[in-house]
Amino acid sequence: MAAEAVDHHDAPAGPADYTEMEDRMKVKNMTADLEAPPPADQKEFAIRCRDVCRSYGKLKVLSNLNLTVPQGQIYGLLGPSGCGKTTLLKCIVGTLKISRGHITVLGKPPAFPGHGVPGKMVGYMPQDLALYNEFTISDTLAFFGRIHGLTSKDTQARMDFLIDFLDLPQKQSLVRNLSGGQRRRVSLGAALLQNPELLILDEPTVGVDPVLRAKIWQHLVEIVKTGKVSVIITTHYIEEARQANVVGLMRNGRLLAESPPDVVMRQHNALTLEHAFLELCETSDQAVSNRSSPQDGTPDSSRLFEGRRDENQPILGVGPGADEEAPKYSADWKVRTLDVLPKWKNIAALMIKTMVRMKRTPGSLCFQFLLPVIQISLICLCIGGDPKGIQVAVVNNETSHTAYSKALLSFLDNSSVEQVVLSHNEAFDGIHNGEYWGVIGFGCNFSSYLTKRMIQRQVSKDVIDGGSVHVWLDLTNRQIAVMLQKKLHEAFQAFVDEKAGRMSYLLDMPIKIEEPVYGSHDTDFTTFVMPGAVLSIAFYLAVGLTALSFVLERKEGLLDRCWVAGVSSLETMLAHLFYQLFVISVQIILMLLFVLLVFKMTNEGSLVLVIILIVLQGVTGISFGLVISAAIDDEQSANQAALGIFYPNLILSGIIWPVECIPYPLRYLSLVLPQTYASEALRCIMYRGWGLTRFMVWRGFAVTLGWNTFFLILATVILKLRT
């Protein structure tokens, strides 16, 4: 009975009916567009898909799909969620490549050089709203107007018309303050702005109340009548598509039927389009079931069905068959070259878009400009200085007021070291309990023994021991311990200079540290860290600001919408690069003002070279952020990737500790990182006054430029592959 049902339902779809339906569609086309000249054969259809397949790995989303959208009519693409409608539309507009088959849109394949698809010829309303929440209605339409190359006057005229036509609020209303229905109408207005020849609407009525749904369909009918455009609309509300001129019923990546709605219902004796769709689904499922398990020895009815109709063709259809060769197209080399080159109007539109968004979020703008200043200030204030208020226990067994021990302790820097006089037991109990960082001990005969050491040529070991200052340190904090040793040596040298006078040189160590070739004797740890810290801040802020740029826009559907409007991946990257370059330039100027003027850091070399190297490191960070945002789809993974390289790069690049301290297997890795040679080059410029003629300086520039080039090419390739 099932096989008989298949034959019964499909019997009317013979050659005569196909011819009758073709004639009927041509009559409707001419009626809808009386003023237009009769189209050529290639122009009779706005969209033609033949044997289209698309797979994601092993998952086959589109399977030998054949679809025809007549010129100047509304085509309703129907089917449940997940049947492949959105994937098909992305293939049609050229943002997704098909695995097999061929598609022509308005006479040429999508993304063909010089063709306006994707671009001005197509208006695209994605299933997601894909609107910038920080924009006003005016900003939204002006943005797409710039991309489509409309003049300000034309954009304003279309804006006024669309606001009135779609019954939108005032054009200065922020998108984030609009209701869901109003946002959907703004999205539709952005698709209609440039008067496209082809309008593609992906689920425009999903989640919309019935009244607004009816209004949207009324708009589409009016657009087809007056604008002479072709419309393809997807929906899983099957009954509302009865207003379309042609419907395509899609399921599991295949087109089950393609005909005017009344024809589909009449062929299945159905009162509703939804009931006809259900009949088609049951027929398709039964045919698949019969093909998978035929009975031996008897001719299967489904095989008879297959013999009369190719299974990849819709059960009902209009237009030519699918067994035709793919047409061949060619473009002049000049057209191909112009298609590859970035369009500056698109780059300018994207940069203006980013600036408007930042202007609407002043908190984020202040964060971007002030954070590097705060970071560099904290580094200068908190890193490299001497510890203050370090408590040290003093055990002095000398009681005389003229004892050398008391004189020596008077030269100890009291701002850094707080002396606490205690007994021997109290002092060692305190250091064991963590109350003191060290114990300074003097014997009862320290003064006399020290005098003998300075006067007599030969003394016993007991005299040397008794005339020495004994120090016990807590070395769990090496920086404090090193500081205490340094302060004690300085105090003893000052004590000797006072007591010995002109003969103090006799007590000097037989090692004389001369004036330094570069730097000064009072150079601190901050001086070493600062150049690398500045480069690190410029690099990682750029990574952080860029890593989520594509991720968020892709998640909200904004990236796809811009690509359908004709923006290339290269233009998107360059716009992000130029804007972030402006941001990091402001950041670098503020950082250098604080480093050089407020904290008085030394710069013996060219300030121009310093600025250029820091800017290049910032661009490297932008490029790396673009790689992350191009390759990763969700915010959490992008943040993890950006944060995951922070500490390894900081430790291995010689920013906080010399590269020479890194063991050799890791040192090889350190030397290929973007900031290792750059940090060394910046130190050479600032502290040695070297220029580009020195190998260590130009090597830092060359490595930075190399990483820039590599990251930009990698990001471009990833974006190209993903689009």
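Residues numbered from 1 in each chain as written. Predicted model: local features only at pLDDT ≥ 70, side-chain atom pairs only at ≥ 80, totals over all residues. Heavy atoms only, no water.

Here the focus is the layout of surface pockets. Roughly 1200 Å³ of internal volume is contained in the largest pocket. Put simply, the parts of the chain that give the lining of the largest pocket at least two residues each are strand E4 (100–105), helix H11 (333–340), helix H12 (344–359), helix H22 (569–598) and helix H28 (695–722). When residues of the lining of the largest pocket are assigned to their parent elements, the largest contribution, four residues, is made by H11. Grouping the amino acids of the lining of the largest pocket by side-chain chemistry returns 20 nonpolar, 14 polar and seven charged. (1 Å grid on protein atoms, 1.4 Å probe; cavity = no way out; pocket = protein on both sides within 12 Å on 5 of 7 lines; lining within 4 Å. Points joined across faces, edges and corners; volume = space filled by probe spheres on them. Helix = DSSP H or I, 4+ residues; strand = E, 2+ residues; numbered from the N terminus. Nonpolar A, V, L, I, M, F, W, Y, C, P; charged D, E, K, R; others polar.)

Looking now at the sheet that holds strand E9 (residues 254–259). Strand order across the open sheet formed by six strands is E5-E6-E7-E3-E8-E9, with mixed pairing between neighbours. The open sheet has two edge strands, strand E5 (122–125) and E9, and neither has a second partner. The sheet shows a mean angle of 15 degrees between the axes of neighbouring strands, direction not considered. The pairing of E5 with strand E6 (residues 198–202) spans four bridges and is classified as parallel. Paired with Met125 across the bridge in E6 is Leu201. (Pairing = 2+ DSSP bridges. Axes fitted to C-alpha atoms, helices over the stretch in contact; angles between N-to-C directions.)

The element strand E10 (residues 390–396) is extensively covered by neighbouring structure, given that six of its seven residues are classed as buried. Alignment of E10 against strand E11 (residues 417–421), held across five bridges, turns out to be parallel. Paired with Val394 across the bridge in E11 is Val421. With respect to chirality, the unit in which E10 leads through helix H14 (residues 404–410) into the neighbouring parallel E11 is right-handed. Taken together, the four bridges between E10 and strand E12 (residues 438–442) define a ladder with parallel strand orientation. (Buried < 20%, exposed > 50% of the residue type's maximum accessible area, 1.4 Å probe, protein only. Right-handed = clockwise from strand over helix to strand, strands pointing away.)

So, about the pairing of strand E1 (residues 45–56). Two faces belong to every sheet, and in a regular strand the side chains alternate between them. Of all the twelve residues making up E1, nine are buried; the element is thus mostly covered by neighbouring parts of the structure. Where E1 lies against strand E2 (residues 59–70), eight bridges are found, and the strand directions are antiparallel. Paired with Cys49 across the two strands is Leu67, which belongs to E2. Hairpin geometry of E1 and E2 is characterised by an intervening segment of two residues between the two adjacent antiparallel strands and by a positive phi of about 70 degrees at Gly57. Here five bridges tie E1 to E4, and the two strands are oriented antiparallel to one another. Residue pairing in the sheet places Cys49 in a bridge with Ile103 of E4.

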